[in-house]
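Each chain, letter by letter, is given below.
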Amino acid sequence: MKRPVILLLVSALGAMTALGGRVVVNPYYDMSSSITFGITKVELTDTATRVSADIYGEPGMWVRAGENFTLTGAQTGRVYKMRSLEGMPVGENVYLTDSAYVSATFVFPSLAPADSVADFTEVLDDASSGWKVSGLRLGAQPEGTKTRITGSLEGRPEASWLVLMPACSDSRVNKSLIVPVREGRFDYTLTTDETQMYELAPGPDILRGSWTMYRFFSEGGDVRADISADGSVSPTSAVSGGPLTGRYCSQMRRQHRHIVESGVEALGDSLNESRTMYTPDYYAVMDAFMSGGDMPQAQRDSLLSEETHLREGGLMYSTAGKAYNELSARVYAESGSMADEFIRTDTTLVGLYLIYQKVKYSHPGADALLPVFASAYQHRFPGHSYTKTLSALIGDEAAEPGRKVPGFTAPDLDGREYRLTDLIGGRVALVDLWASWCGPCRRHSKAMIPVYEKWKDRGFTVVGVARENMSTDAMAKAIVQDGYPWLNLVELNDRGRIWERYGAGNSGGLQVLVDRDGTVVALNPTPEEVEAYLESQRR
């Protein structure tokens, strides 16, 4: 089946003149709805506009292209409907072979000369969007620092593409790029407007939910990444590049060497292979889950209950497993301390990135590095995106108990803009950061509905903010399906950086309880805690 996974942005390699028109190879665009759909070329002539794309997946998976594709000109607003499709049949399943991709060309009428930017959209039968690429540049391509990325990925014919994205970004809503792999080789030029860390990973691994990142700085020049099929070569040994990339990889190798020499990884492998990491009772529960197939719900619930009992009762790990956990915690804490010491003495963009990474993912002790950032990095990199994010956290923006709730303006589904201060002024409020694709967020949101219904006429309100990608179709359906009775605003493609400013990062949403004066009371309170607070305010 076609999987609308998330997000694609291809950097510019420039435009070429073709007979009777021009060809734009690897055109820049603002956002895509999928990491499995990549536009490789646009040919513009007086008679047609031809959009070539590669569609990726896994061997045996099928993809399908319908007949309703459009290009919408940004300058004229004109909608151009697809005339024909080349390379695959319209409306039929195409099963992917071992190479796991198919190439197709979408043919449209010629565009008006004024339309130098367009949106490419597949309109499905239910009027929602399928593949969508917005902000497709058909003229001059953005300028910036160019980093050429070459390398190899042999022994995995199904890994016909890599996904490239800024480090610490969320592939569900942020930009990413597709790097084609052909006959085990890739050669791609990345154009960026600032030097920052990027991450490269095999596309099929991301689809399966488990992948290894190969990191480098977009500092210009050449980067080489030789990715082993079996993962036997560590990411920091597989990558070479400029001075910043070399400095980062050297430090990561030093930390990894400390972990390897401690024996903790070998011990973990041994315990897992011998099935002595967990207690016999816990293995029995796991084995039942693995062999259960389509088991009755009552049996599944019983197993879940038993697993919870063992885990929360301290009966999950064996004696050897508990000793391993203690050793692992100590060794990885030591590795983290090595990184902290590097940060305090480095003061290059490598150190700034490591602070950003630790804060972004809420690593233990990350807050202790913010004073180091303020004294040693903030003035060195005043305009960098990492600095902007970290500066907000040491200023007044972060959503923390005792601070004023960060303000923002965002639209509703009809495009009407609202200011948070206008919505919550003088009332106790819950700011609910959620997303249609985030199961935990939606469960937390639904749990607040009874509290809202009970207290909405007694000085309490909820303001939802949905973090969505490209389209609000899924958000609109989720609101109806879950029955949210309060106003929900839209954070499309992280335009307002609301989640980041609130410290939610890439986590499963965030709920912020705010008092009548706009001060944060609690983060992620339970419904019972919200109701108890509301009761306390009546006294």
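Residues numbered from 1 in each chain as written. Predicted model: local features only at pLDDT ≥ 70, side-chain atom pairs only at ≥ 80, totals over all residues. Heavy atoms only, no water.

**Q** So what's going on with the environment of glycine 203? Which residues, and what values?
**A** In this fold, glycine 203 is placed in helix H1 (residues 203-208). Residue glycine 203 is classed as buried on the basis of its relative accessible area, which comes to 0%. For the pair formed by glycine 203 and phenylalanine 106, sequence separation is 97 residues and the distance between their alpha carbons is 23 Å. If we skip the residues at most four places from it in the chain, glycine 203 touches Trp161, Leu162 and Val163. (Helix = DSSP H or I, 4+ residues; strand = E, 2+ residues; numbered from the N terminus. Buried < 20%, exposed > 50% of the residue type's maximum accessible area, 1.4 Å probe, protein only. Contact = heavy atoms within 4.5 Å.)

**Q** With reference to specific residues and values, describe the environment of valine 530.
**A** Within the secondary structure layout, valine 530 lies in helix H16 (residues 527-538). Beyond its immediate stretch of four places on either side in the chain, valine 530 contacts Leu430, Met448, Val451, Phe460, Leu513 and Pro525.

**Q** I'd like a description of helix H4 (residues 264-273), backed by residues and values.
**A** Taken together, the buried positions of H4 are occupied by Val264, Gly268 and Leu271. End-on, the buried residues of H4 take up no more than an arc of 65°, which puts them together on one face. In H4, the exposed positions that point more than 90 degrees away from the buried face belong to Ala266 and Glu273. Arginine 275, located one to two residues past H4, shows a positive phi value of around 55°. (Arc of directions from axis to C-beta.)

**Q** Report on the sheet that holds strand E16 (residues 177-180), specifying residues and quantitative values.
**A** One open sheet accounts for four strands, arranged E16-E15-E18-E19; its pairing is antiparallel. Looking along the sheet, the strands with just one partner apiece sit at the ends: E16 and strand E19 (214-217). The sheet shows a mean angle of 30° between the axes of neighbouring strands, taken without regard to direction. Here strand E18 (residues 197-202) runs beside E19; their pairing, made up of four bridges, is antiparallel. When the sheet's bridge partners are listed, methionine 197 is paired in E19 with phenylalanine 217. Set on the sheet, helix H8 (residues 349-360) makes contact with E18 and E19; between it and E19 the angle comes to about 135°. (Pairing = 2+ DSSP bridges. Axes fitted to C-alpha atoms, helices over the stretch in contact; angles between N-to-C directions.)

**Q** Give a description of the packing of aromatic side chains that names residues and reports values.
**A** Inspection of every chain in the model, using the stated rule, returns 23 aromatic pairs. Among the aromatic residues, ring-to-ring pairing joins Phe37, Phe69, Phe106, Phe108, Phe120 and Trp131 into one connected group. One residue, arginine 182, lies across the ring of tyrosine 101, its end atom 3.8 Å from the ring centre. Lying across the ring of tryptophan 455, arginine 458 places its NZ or CZ 4.2 Å from the centre. (Phe/Tyr/Trp six-rings, centres within 6.5 Å; stacked < 30°, edge-to-face > 60°. Lys NZ or Arg CZ within 6 Å of the ring centre and 35° of its normal.)

**Q** Describe the confidence of the model for the protein, and please don't skip the residues or the numbers.
**A** On average, residues of the protein score 90 in pLDDT, and 94% of them reach the 70 mark or higher. The model gives residues 1-15 a pLDDT under 50, and that stretch makes 85 contacts with residues more than four places away or in other chains. (pLDDT = per-residue confidence, 0-100.)

**Q** Mind laying out the nonpolar core, listing which residues take part and the relevant values?
**A** Counting 48 residues, the largest nonpolar core has Ile149, Leu164, Leu200, Tyr248, Tyr353 and Leu390 as the members making the most contacts within it. Per-element accounting of this core gives the leading share, eight residues, to H8. (Core = buried A, V, L, I, M, F, W, Y, C linked by side-chain atoms within 4.5 Å.)

**Q** Describe the pattern of salt bridges, listing the residues and the values that go with them.
**A** Applying the stated rule across the entire model yields 24 salt bridges. Residue lysine 358 is joined to aspartate 340 by a salt bridge in which the shortest nitrogen-to-oxygen separation is 3.3 Å. Of the two residues, lysine 358 is situated in helix H8 and aspartate 340 in helix H7 (residues 319-346); the sequence distance between them amounts to 18 residues. Like lysine 358, the residue aspartate 340 is buried in the burial classification. Three or more residues joined by partner-sharing salt bridges are found here, namely Glu58, Arg156, Glu158, Asp205 and Arg208. (Salt bridge = Lys/Arg side-chain N within 4 Å of Asp/Glu carboxyl O.)

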